[in-house]
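Listed below are the residues making up each chain.
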Amino acid sequence: MAYDERLAARVRALLASRADVSERKMFGGLTFMLGGNMCCGVNGEELIVRLDPGHEDDALASPHARPMDLTGRRMRGFITVHPDGLAGSHLDQWVHEAVARAETLPPR
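Residues numbered from 1 in each chain as written. Predicted model: local features only at pLDDT ≥ 70, side-chain atom pairs only at ≥ 80, totals over all residues. Heavy atoms only, no water.

## Some thoughts on the state of the cysteines
Consideration 1: A complete count under the given rule lists zero disulfides for this structure.
Consideration 2: The thiol of C39 is not disulfide-bonded; the next cysteine sulfur, from C40, is found 4.0 Å away.
Consideration 3: The exposure class assigned to C39 is buried, which follows from its relative accessible area of 0%. (Disulfide = S-S within 2.5 Å. Buried < 20%, exposed > 50% of the residue type's maximum accessible area, 1.4 Å probe, protein only.)

## Some details on the pattern of salt bridges
Consideration 1: For the structure shown, the criterion picks out six salt bridges.
Consideration 2: We note a salt bridge from E23 to R12, for which the minimum N-O separation is 2.6 Å. Placement of the pair is E23 in strand β1 (residues 21–26) and R12 in helix α1 (residues 5–15), with a sequence separation of 11 residues.
Consideration 3: E23 gets classed as partly exposed once you look at its relative accessible area, which sits at 39%.
Consideration 4: A salt bridge links R74 to E56; the shortest N-O distance between them is 2.9 Å. Note that R74 is positioned in the loop between β5 (65–67) and β6 (78–81) and E56 in helix α2 (residues 56–60), a separation of 18 residues in sequence. (Salt bridge = Lys/Arg side-chain N within 4 Å of Asp/Glu carboxyl O. Helix = DSSP H or I, 4+ residues; strand = E, 2+ residues; numbered from the N terminus.)

## Observations concerning the nonpolar core
Consideration 1: The biggest cluster of nonpolar side chains holds 25 residues, and the ones touching the most others in it are V11, F32, C40, L47, V49, I79 and W94.
Consideration 2: Those elements that provide at least two residues to this core are α1, β2 (29–34), β3 (37–43), β4 (46–50), β6 and α3 (90–102).
Consideration 3: Here this core gets six residues from one element, more than from any other, and that element is α3.
Consideration 4: Ignoring anything within four residues of it in the chain, the contact list for V49 reads C39, C40, G77, F78, I79, V81, W94 and A98.
Consideration 5: M33, I48, M68 and F78 belong to the second-largest nonpolar core, a separate cluster that totals five residues. (Core = buried A, V, L, I, M, F, W, Y, C linked by side-chain atoms within 4.5 Å. Contact = heavy atoms within 4.5 Å.)

## So, the environment of L51
Consideration 1: Here L51 lies in the loop between β4 and α2.
Consideration 2: Its relative accessible area of 1% is what places L51 among the buried residues.
Consideration 3: Taking the C-alpha atoms as reference points, L51 and A98, 47 residues apart in sequence, are found 5.3 Å from one another.
Consideration 4: With near-sequence residues (within four places) excluded, L51 lies in contact with E56, A59, G77, I79, E97 and R101.

## Here's the deal with α1
Consideration 1: Of the positions making up α1, those classed as buried are L7, A8, V11 and L15. Buried positions in α1, seen along its axis, are confined to an arc of 100° and lie on one side of it. Projecting away from the buried face of α1 at angles above 90 degrees are the exposed residues R6 and A13.
Consideration 2: Buried residues belonging to α1 abut β1, β2, β3, β4 and α3.
Consideration 3: A distance of 2.8 Å separates the backbone nitrogen of R6 from a side-chain oxygen at the start of α1, and that oxygen is part of D4. (Arc of directions from axis to C-beta. Polar contact = N/O pair within 3.5 Å; in protein donor to acceptor, adjacent residues only side chain to side chain.)

This is the structure we're talking about:
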């Protein structure tokens, strides 16, 4: 499973203060789980973000975001962000959005 270890370390650092985080290999990369629910992940050099489906269109208006499509079908409620959209505080914003979504889901 190939994923950008530096990006994974950056995400890990953003989630380090949480006690409910675990990691799982999924989607050909690394997925960060909160309370047993998928939050976000790293696939290759890109970030996978799980978000409220009602916010998906707004998120896709960002220049480096696109619908997540790993299986030939668009996965609603998930987007992929190109590395150019992860510089500086942008990664923090995407991870915050994913955490906000994961916190609305019942623990597994």
